[in-house]
Amino acid sequence: MTNGKQLELRKEFSMRGTFVLAGIVAGLLLAACSSNGSPSLPGASRAVTSDAHSPLHFALVGVKPDKSCPSGYLACETISRTKHARLTICVDSSSACPAPGNWTWAESIETLAGKPVHKIVGDISPNPGNPITDKISEKKRERPSKGAVKFQQLVEACDSSSNCLQATIGIITK
């Protein structure tokens, strides 16, 4: 086989590999977008309702957005053993905060890898309610995360019709 033929074959295999890889990526993206609102990629999180056409969303009341907070988080809060975070969160419709309905809330705190955390606790009150106050505090001292999000609080609000919204709050320890 001549060098010219070998070069042609390498180009052909390279192009085929590129098309196969592009097809795999397109398939993953299509699967992620058509999964009925649930994130299907590992580590994916959502901060919107399960119905993408719903005007309902979470709104932070009286909080200035933290520009250093990575995208994908509703907010980021820095806590320490003596400094707790307090957020007022509202289920908001496109026209009013609070949105009508009886909203029941749930929360959990975990590592970025999804493992439960017991040294940091969250407390939502009133529950049910809208708006609510979300308090995040250290139960036991946690090592400082040096300004990086180290933990996350998963927050969910559901109304009596089972319309649910989920969001993630980034937690930085000091």
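Just above sits the structure.
How each quantity is defined
- For every chain, the first residue of its written sequence is number 1, and the numbers climb from 1 along that sequence.
- For this predicted model, a pLDDT threshold of at least 70 governs which residues receive local features, and a threshold of 80 or more governs which side-chain atom pairs are given and counted, while totals over whole chains, interfaces and linings are taken from all residues.
- In computing side-chain values, all of the structure's heavy atoms are included and hydrogens and water are not.
- To qualify as a helix, a DSSP run of H or I must reach at least 4 residues; to qualify as a strand, a run of E must reach at least 2; elements of each kind are numbered from the N terminus.
- Each salt bridge in this description consists of a side-chain nitrogen of Lys or Arg and a carboxyl oxygen of Asp or Glu lying within 4 Å of one another.
- Summary of the burial criterion: residues with accessible area below 20% of their type's maximum are buried, those above 50% are exposed, and those between are partly exposed, where the area comes from a 1.4 Å probe applied to protein chains only.
- The pairing criterion is simple: DSSP has to find at least two bridges between the two strands.
- Structural elements are reduced to axes, namely lines fitted to C-alpha atoms, with helices fitted over the stretch in contact, and the angle between N-to-C directions of any two is expressed from 0 to 180 degrees.
- Whether two residues are in contact is decided by their heavy atoms, any of which lying within 4.5 Å being enough.

Chemist: Even after reading the chapter, I still don't get unusual backbone geometry, so can you show me in this structure?
Modeler: Comment: phi is negative for the bulk of residues other than glycine, and the bulk of peptide bonds are trans. Residue proline 128 is bonded to the preceding asparagine 127 through a cis peptide linkage, with omega at 5 degrees. Structurally, the position occupied by proline 128 is in the loop between strand E5 (120-125) and strand E6 (132-138). Residue proline 131 is reached from asparagine 130 by a cis peptide bond, and omega for that bond is 5 degrees. Tracing the backbone shows proline 131 in the loop between E5 and E6. The backbone of lysine 146 shows a phi angle near 55 degrees, a positive value even though the residue is not glycine. Structurally, the position occupied by lysine 146 is in the loop between E6 and strand E7 (151-158). For serine 162, which is not glycine, the phi torsion reads 65 degrees and is therefore positive.

Chemist: How should the pattern of salt bridges be read in this particular structure?
Modeler: Pairing between side chains becomes possible if they bear opposite charge and their charged atoms approach one another. Under the counting rule described, the total for this entry stands at 1 salt bridge. Of the charged contacts in the structure, one is a salt bridge between lysine 150 and glutamate 142, with a shortest N-O distance of 3.4 Å. By relative accessible area, which is 12% here, glutamate 142 ends up buried.

Chemist: Where do I start with the sheet that holds E6 in this structure?
Modeler: To summarise the sheet geometry, strands pair through backbone hydrogen bonds and adopt either a parallel or an antiparallel arrangement. Read across the open sheet, the 4 strands follow the order E1-E3-E6-E5; overall the sheet is antiparallel. Both outer strands of the open sheet, strand E1 (57-61) and E5, are each paired with one neighbouring strand and no more. Looking at each pair of strands side by side, their axes are set apart by 30 degrees on average, direction ignored.

Chemist: How do you make sense of the environment of serine 145 when you look at a structure like this?
Modeler: Take serine 145: it is sitting in the loop between E6 and E7. With relative accessibility at 11%, the residue serine 145 sits in the buried group. Separated by 28 residues in the primary sequence, serine 145 and threonine 173 have C-alpha atoms spaced 5.2 Å apart. For serine 145, the residues in contact, after removing those within four places along its chain, are Lys150, Ile172 and Thr173.

Chemist: Would you mind going over the sheet that holds strand E4 (residues 104-111) with me for this structure?
Modeler: Taken in spatial order, the 4 strands line up as E2-E8-E7-E4 in an open sheet, and their pairing is mixed. At either margin of the open sheet sits one strand with a lone partner, and together these are strand E2 (75-79) and E4. Sheet twist, expressed as the mean angle between neighbouring strand axes with direction ignored, is 25 degrees. Bridging between E4 and E7 involves 8 bridges; their strand directions are antiparallel. The residue bridging glutamate 110 from the neighbouring strand is glutamine 152, located in E7.

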